[in-house]
Amino acid sequence: MNTQQKRVGELLVKRNVFLTGPAGTGKTYTVKEIEKEFQQNKKQVYITATTGIASRNYENGMTLHSFAGLPTTKTDIKIILNKLSPIVLDRLKSVDLLIIDEVSMLKGETLEIVHLLLQHAKSNLDLFGGVRILLASDFFQLPPIFKNEQMKLLFEHPFWKSAQFVTVQLTENYRQQNDNEFQQCLTDIREGDISRKTLNYLESRAQEEDTLKNNYLRVFFRNKETEGYNFKRIKEINQPPVYLTSQIKTFNKYELPPDWPFQIPAYVTLKIGARVMISKNLPDKDLVN
């Protein structure tokens, strides 16, 4: 870990930390290293995220709602406390470090409820019941979903100030470290401040649809469009299809996010020569997405 990343672990000894930085600066890597450090010191660590997809970046990740037994709709804290299952209560009692990833999508009210649940479970009126909290995210990314409410980002909620998070911002980009021009382009887009140089860079790569080569990667807005294009390309390959059936294995079905089965297709059709993009890094096989 670099100096900025090491500082996260040093601060967590006594403080709660908000870890941020642009994509490619090593937020996920830092979280995993912090998890190892605490586990080596015999501390109970839970890694959670605001979405099921984000939680799958971690071997033992789960959604924050699953971890804390939170309902999907706004509910009074007394009702939540009365409905806590023994499994959830045991988690809340045993946790020493709670990590929450992708908190740009987290509402302040939800974080405050987690604080109250931990106080209750630990019988401790300290902030978060004395549990260390590590938040990770980039507030330039997706905000929470609001229905008939005024949009408020997490750091705009009154509880944020009282939670006393120390911010650590990672600045060293590892993902595009050998391409400064592309890195600056991504920074401009992230901050919504497009320079003429960046605009020229993007326009230089624009092509008409009918001139695109088949091996170019396409990005679509909707899953249906993606699946339709992939099916069309698979059909064009003159090879017999191979059908891979999905399998879900778990020691405790109640640990899975409620929407987990619907995020995995029943089967995948492949052919020799088809391009494959994995959605989760497999470092033991030297495969990354």
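What you are looking at is a predicted structure, and each value in this text was computed from that prediction instead of being measured.

Novice: Describe the packing of aromatic side chains, and please don't skip the residues or the numbers.
Specialist: Per the counting criterion, the structure on display carries 11 aromatic pairs. When the ring of Phe128 is compared with that of Phe165, the centres are 6.1 Å apart and the planes differ by 55 degrees; the resulting orientation is tilted. Here Phe165 lies in strand β6 (residues 165-169) and Phe128 lies in the loop between α7 (108-122) and β5 (132-136), a separation of 37 residues in the sequence. The exposure classification of Phe128 matches that of Phe165, with both residues buried. For the ring pair Tyr243 and Tyr267, a centre distance of 6.0 Å and an interplane angle of 75 degrees mean the geometry is edge-to-face. Pair noted here: Tyr243 is in strand β7 (residues 242-245) and Tyr267 is in strand β8 (residues 267-270), with a separation of 24 residues, a long-range link. For the pair formed by Tyr243 and Tyr267, the shared burial category is exposed. Among the aromatic residues, those joined into a cluster by ring pairs are Phe18, Phe128, Phe139, Phe155, Phe159, Trp160 and Phe165. Directly above the ring of Tyr201 sits Arg205, whose terminal nitrogen or CZ lies 4.2 Å from the centroid.

Novice: Go over the UniProt feature "domain: AAA+ ATPase" (unreviewed entry) in the protein chain with me, naming the residues and quoting the values.
Specialist: The UniProt entry lists residues 13-146 under the feature "domain: AAA+ ATPase" (unreviewed entry), expressed in the numbering used here. Helix makes up 40% of residues 13-146 and strand 16%, with an end-to-end C-alpha separation of 35 Å.

Novice: With reference to specific residues and values, describe helix α2 (residues 27-40).
Specialist: Over its 14 residues, α2 runs 20 Å from end to end, which matches the ideal 20 Å to within 8%, given 1.5 Å per residue. Inspection of α2 places Lys27, Thr30, Val31, Glu33, Ile34, Glu35 and Phe38 among the buried residues, and these make up the whole buried set. Considering only its buried residues, α2 is in contact with α1 (3-11), β1 (16-20), β2 (45-49), β4 (97-101) and β5. In the stretch just after α2, Lys42 is the one whose phi turns positive, near 60 degrees.

Novice: Explain the sheet that holds β2 to me, using residue names and the numbers behind them.
Specialist: Strand order in the open sheet formed by six strands is β3-β2-β4-β5-β1-β6, and the pairing between neighbours is parallel. The strands lining the two open edges of the sheet, one partner per strand, are β3 (62-63) and β6. By the bridge criterion, five bridges tie β2 to β4 in an arrangement that is parallel. Opposite Ile47, over in β4, you have Ile99 as the bridge partner. Of the strands in this sheet, β4, β5 and β6 touch α7, which is tilted by about 165 degrees from β4.

Novice: Run through unusual backbone geometry, naming residues and quoting values.
Specialist: One non-glycine residue with positive phi stands out, namely Ser123, at about 50 degrees. With respect to the secondary-structure elements, Ser123 resides in the loop between α7 and β5. According to the relative accessible area criterion, Ser123 is exposed, its value standing at 68%. The phi angle at Phe128 is positive, at roughly 55 degrees, despite the residue not being glycine.

Novice: I'd like a description of a nonpolar patch on the surface, backed by residues and values.
Specialist: A cluster of nonpolar residues, Ile189, Ile194 and Leu202, forms a patch on the protein surface that exposes about 240 Å² of accessible area. Structurally, the position occupied by Leu202 is in helix α10 (residues 196-203). Residue classification places Leu202 among the partly exposed residues on the basis of a relative accessible area of 38%.

Novice: I'd like a rundown of the side chain of Thr25, residues and numbers included.
Specialist: Locating Thr25 in the fold gives a position in the loop between β1 and α2. At 2.7 Å, the side chain of Thr25 and the backbone oxygen of Pro22 are in polar contact. Once you skip the residues sitting within four places of it in the chain, Thr25 turns out to touch Gln5, Leu170, Thr171, Glu172, Asn173 and Tyr174.

Novice: Summarise the side chain of Gln5; cite the residues concerned and give the values.
Specialist: Positionally, Gln5 belongs in helix α1. Exposure remark for Gln5: the relative accessible area of 2% places this residue in the buried category. Among residues more than four places away in sequence, those in contact with Gln5 are Thr25, Gly26, Tyr29, Thr30, Leu170 and Tyr174.

Novice: How would you sum up the nonpolar core? Please name residues and give values.
Specialist: Counting 32 residues, the largest nonpolar core has Phe67, Leu98, Leu111, Leu118, Leu135 and Phe165 as its most contacted members. Breaking this core down by element, the ones donating at least two residues are α4 (64-68), α6 (86-94), β4, α7, β5 and α8 (158-163). Of the residues forming this core, the biggest block, six residues, is contributed by α7. The contacts of Phe67, once residues within four sequence positions are left out, are Tyr46, Thr48, Met62, Val88, Arg91, Leu92, Val95 and Leu98. Within the second largest apolar cluster, 18 residues are counted, among which are Phe38, Ile47, Leu97 and Val168.

Novice: How would you summarise the pattern of salt bridges if you had to cite specific residues and measurements?
Specialist: Pairs may arise between side chains of opposite charge once their charged atoms sit close together. Applying the stated criterion to the full structure yields five salt bridges. Between Arg190 and Glu191 there is a salt bridge, with its nearest N and O atoms 4.0 Å apart. Notably, a salt bridge pairs Glu236 with Arg233, separated by 3.0 Å at the nearest N-O pair. Of this pair, Glu236 and Arg233 both sit in helix α11 (residues 223-236), separated by three residues, roughly a single helical turn. Its relative accessible area of 24% is what places Arg233 among the partly exposed residues. It is possible to trace a salt-bridge network through shared partners that takes in Asp138, Arg190 and Glu191.

Definitions and limits used
- Residues numbered from 1 in each chain as written.
- Predicted model: local features only at pLDDT ≥ 70, side-chain atom pairs only at ≥ 80, totals over all residues.
- Heavy atoms only, no water.
- Phe/Tyr/Trp six-rings, centres within 6.5 Å; stacked < 30°, edge-to-face > 60°.
- Helix = DSSP H or I, 4+ residues; strand = E, 2+ residues; numbered from the N terminus.
- Buried < 20%, exposed > 50% of the residue type's maximum accessible area, 1.4 Å probe, protein only.
- Lys NZ or Arg CZ within 6 Å of the ring centre and 35° of its normal.
- UniProt positions renumbered as here; feature names shortened; annotations may be inferred.
- Expected span 1.5 Å × (residues − 1).
- Contact = heavy atoms within 4.5 Å.
- Pairing = 2+ DSSP bridges.
- Axes fitted to C-alpha atoms, helices over the stretch in contact; angles between N-to-C directions.
- Patch = residues over 30% accessible without salt bridge, like charges linked within 9 Å, V, L, I, M, F, W, Y side chains within 5 Å.
- Areas by Shrake-Rupley, 256 points an atom, 1.4 Å probe, with all protein chains shown as cover.
- Salt bridge = Lys/Arg side-chain N within 4 Å of Asp/Glu carboxyl O.
- Polar contact = N/O pair within 3.5 Å; in protein donor to acceptor, adjacent residues only side chain to side chain.
- Core = buried A, V, L, I, M, F, W, Y, C linked by side-chain atoms within 4.5 Å.

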